[in-house]
Amino acid sequence: MKVFFDTNILLDYLLKRQPFYESVKKVFNMCLFKIDGCVTPHSLIDVFYMLSERTDATAEYCRETILKLRAVLSVIPENDDRVSVAAQNSAFDDFEDSMQNESAMFAGVDYIITRNKKDFANSTIQIVTPEEFLVLVNAE
């Protein structure tokens, strides 16, 4: 099973944001042995920025964090074709969400995991919260 992590989920995990952290941690732990997790380069850029600008984390710590994420998650390449498709997708008002969706579609994921389901309301991929994903996986 392949899942795509929206940026907010990465930040919930790394910043241990409550009340979201425990369920997100369980999903991330599943990436070690049960599921394939993936992200876009843009999400990793956002994570680096948020860690460096909104916490007291050093640049070295931020780089190490990105490398640790990369060791567990695969990074979906973004290219001109996907940017073009995402920019032309009128089903999404927000380009970033459209780009995330296009990347997830390209990667052939089964689920997009996010806390902002409304951002992906027009996706053809099943959109779930971490809590919903855990219920789905435990039902299998």
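Presented here is an overview of the structure given in this document.

Rules of the game
- Residues numbered from 1 in each chain as written.
- Predicted model: local features only at pLDDT ≥ 70, side-chain atom pairs only at ≥ 80, totals over all residues.
- Heavy atoms only, no water.
- Pairing = 2+ DSSP bridges.
- Helix = DSSP H or I, 4+ residues; strand = E, 2+ residues; numbered from the N terminus.
- Axes fitted to C-alpha atoms, helices over the stretch in contact; angles between N-to-C directions.
- Parallel < 35°, antiparallel > 145°, perpendicular 65-115°, else oblique.
- Contact = heavy atoms within 4.5 Å.
- Nonpolar A, V, L, I, M, F, W, Y, C, P; charged D, E, K, R; others polar.
- Left-handed = near helix turned anticlockwise from the far one by under 90°.
- 1 Å grid on protein atoms, 1.4 Å probe; cavity = no way out; pocket = protein on both sides within 12 Å on 5 of 7 lines; lining within 4 Å.
- Points joined across faces, edges and corners; volume = space filled by probe spheres on them.

A separate point is the pairing of strand β2 (residues 36–39). One ladder, built from 3 bridges, connects strand β1 (residues 2–5) with β2; its direction is parallel. Among the inter-strand pairings, valine 3 is bridged to a residue of β2, identified as glycine 37.

On to the packing of helix α1 (residues 7–14) against helix α2 (residues 21–30), then. Running from N to C, α1 and α2 point in directions that differ by 105°, and their axes come no closer than 9 Å. Relative to α2, the element α1 lies roughly perpendicular. On α2, the residues touching Ile9, Leu10, Asp12 and Tyr13 of α1 are Tyr21, Val24, Lys25 and Phe28. Across the contact of α1 with α2, the residue classes break down as 6 nonpolar, no polar and 2 charged.

Attention now moves to the packing of helix α3 (residues 41–54) against helix α4 (residues 59–72). Running from N to C, α3 and α4 cross one another at 150°; their axes reach a closest spacing of 9 Å. Here the hand of the crossing between α3 and α4 comes out right-handed. Here Leu44, Val47, Phe48, Leu51 and Ser52 of α3 come into contact with α4, specifically with Ala59, Tyr61, Cys62, Arg63, Thr65, Ile66 and Leu69. Taken together, the residues of the contact of α3 with α4 sort by class into 9 nonpolar, 2 polar and 1 charged.

The next subject is the sheet that holds strand β4 (residues 111–113). With parallel pairing, the 5 strands of this open sheet are ordered in space as β3-β2-β1-β4-β5. Of all strands in the sheet, those bounded by a partner on one side alone are β3 (74–75) and β5 (126–128). Examined bridge by bridge, β2 and β3 share 2 bridges and lie parallel to one another. Its bridge partner being in β3, valine 39 is matched across the sheet by valine 75. Contacts from α3 reach β1, β2 and β3, with the element oriented near 75° to β2.

The subject of this paragraph is the pairing of β1. Inspection of the sheet shows β1 paired to β4 by 3 bridges, in the parallel sense. Bridge pairing links valine 3 to tyrosine 111 in β4.

Further remarks concern the layout of surface pockets. Empty space among the atoms becomes visible once a probe the size of a water molecule is rolled across them. One number sums up the size of the largest pocket: a volume of about 260 Å³. Looking at the lining of the largest pocket, the elements that each hand over two or more residues are α1, α2 and α4. When residues of the lining of the largest pocket are assigned to their parent elements, the largest contribution, 6 residues, is made by α4. Residues of the lining of the largest pocket, tallied by class, amount to 8 nonpolar, 2 polar and 3 charged. Its volume calculated, the second largest pocket comes out at about 160 Å³. Asp6, Thr7, Asn8, Leu11, Asp46, Met50, Glu96, Asp97, Asn116 and Asp119 are the residues that line the second largest pocket.

Purely spatial values, then, with no claim about function.
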